[in-house]
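Structure assessment
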Amino acid sequence: MPTIHPKLVEIVVEQTPRAMIAMLIVSSAYVFIFIKYIPLLILLVWVVFQIFLAASRFYNIKMFKKHLSQQSIKGVKNNKTLFIALNIFQAVMWTTSSILVSIYAPPPFELVSFVMIIGIITAAALSMSSLYKAYLVFFFSMIIPQIIIMLYHGEHQHISIVIFTSIYIPATILLSKAILNSRISSIEAHDELEEKAGELHTLSTIDSLTKIYNRGYFFALSNDILLISEREKKKVSLLMLDIDHFKKINDNHGHQTGDFVLEHLAKKIKKLMRKSDIFARIGGEEFAILLNNTSLKRAKIIADKVRSTVEDSVFSHNSVPIKITLSIGVSELNENNCSIEDLYKQADEQLYRAKENGRNRVFP
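Residues numbered from 1 in each chain as written. Predicted model: local features only at pLDDT ≥ 70, side-chain atom pairs only at ≥ 80, totals over all residues. Heavy atoms only, no water.

Let us now look at the packing of helix H9 (residues 255-272) against helix H10 (residues 296-311). Two elements in contact, H9 and H10, have axes whose closest approach is 10 Å; the angle formed by their N-to-C orientations is 140 degrees. By the angle class used here, H9 and H10 are oblique. Crossing geometry of H9 relative to H10 is assigned as right-handed. From H9, Leu265, Lys268, Ile269 and Leu272 reach across to H10, where they touch Lys305, Val306, Thr309 and Val310. (Axes fitted to C-alpha atoms, helices over the stretch in contact; angles between N-to-C directions. Helix = DSSP H or I, 4+ residues; strand = E, 2+ residues; numbered from the N terminus. Parallel < 35°, antiparallel > 145°, perpendicular 65-115°, else oblique. Left-handed = near helix turned anticlockwise from the far one by under 90°. Contact = heavy atoms within 4.5 Å.)

Okay, here's the thing in structure tokens:
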């Protein structure tokens, strides 16, 4: 059984309660019309089965919801099989209703029953077309017995109805297919829109070269973290990192090598970060790391670990080994540094001092 798009199943889940309420209303109308002719006990048994069918369909959509939330393909497939089985059962019940009319009610009430069945089939196209094969099973399970009943009666009017029904069959199948295609087109358009929105969000938050956060998103996210940290009285520190003599790499080896170093440096540093840390490329060869729930003392230890890891690494591009070092400035959230801008300014000043004191070091 092929995989079904979850949104098609969601449409069936959404439509089924209305369809079942409509079915119970039609069942009530059927009882009201034919209680005069069909024995009461038989009608009561038929109504009980209709109520059982409605309860089973509600259980079916409940299980659909459960398996959709769990993203269980097997569960959805099993419930589609149950959906088809219930459709066949529903067709049997309505075929039974037509047979009862033929047995107990005088002509031309069999034509009234036929019109009722055609209405149910047509209305079902809206609620079932999303599971197209299931609808086809329901459609033919409903229509074929009606054609047989009309042929059994055999009068000119019954034969005429069979002829018109043969025209109705392809028209209804095409209608249900058109509904399905329209829904699929709508789902595909929605999915494409979500994908484009995701891409736009990525472009607005992620640095295209290093695949870490960009400057704008770093400052926006950091502001939120600082507000939470101040409220919860937690420590926050900021590291400013700069590659020493990065211009020489571009001048001696070319900008492609420089880009390679930036990309792979970001990957190496990211492996050292916690999930709660915010790592971003601020611009050029400059990076920032916001360390959540981290004191200045602990931040300096982390900074030195980053520095030493990079110092011990070799970035090989086109068989050319590239050695780099980092200068790192550290600042801490306190009364003097109470915003991300203050933290950034203080860490940047410390970074400048690290460079003044010989580079490849953490300051203070």
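There is more to say after this.
Another aspect to go through is the environment of Val13. With respect to the helices and strands, Val13 occurs in helix H1 (residues 6-34). Each C-alpha atom, one on Val13 and one on Asn60, is 8.7 Å from the other, the two residues being 47 residues apart in sequence. If near-sequence neighbours (up to four positions away) are discounted, Val13 is found in contact with Ile61, Phe64 and Lys65.

With the rule as written, the count across this model stands at 17 aromatic pairs. Members of the aromatic cluster, joined through ring pairs, are Tyr30, Phe34, Tyr37, Trp46, Trp94 and Phe109. Sitting over the ring of Tyr132, Lys177 keeps its end group 4.7 Å from the ring centre. (Phe/Tyr/Trp six-rings, centres within 6.5 Å; stacked < 30°, edge-to-face > 60°. Lys NZ or Arg CZ within 6 Å of the ring centre and 35° of its normal.)

The subject of this paragraph is the pattern of salt bridges. A pair can form between side chains of opposite charge whenever their charged atoms are brought close. Per the stated rule, a full pass over the model turns up 12 salt bridges. Of the charged contacts, one joins Asp207 and Arg281 as a salt bridge, the two residues approaching to 3.4 Å between their closest N and O atoms. Placement of the pair is Asp207 in the loop between helix H6 (156-205) and helix H7 (215-232) and Arg281 in strand E2 (residues 278-283), with a sequence separation of 74 residues. As far as the burial class goes, Asp207 and Arg281 line up, both buried. Glu263 is the partner of Lys267 in a salt bridge, and the nearest nitrogen-oxygen pair spans 3.8 Å. A residue pair is termed a helical-turn pair when its members lie 3 or 4 positions apart in one helix, as Lys267 and Glu263 do in helix H9 at 4 residues. Taking the relative accessible area as the measure of exposure, Lys267 reaches 43% and is therefore partly exposed. (Salt bridge = Lys/Arg side-chain N within 4 Å of Asp/Glu carboxyl O. Buried < 20%, exposed > 50% of the residue type's maximum accessible area, 1.4 Å probe, protein only.)

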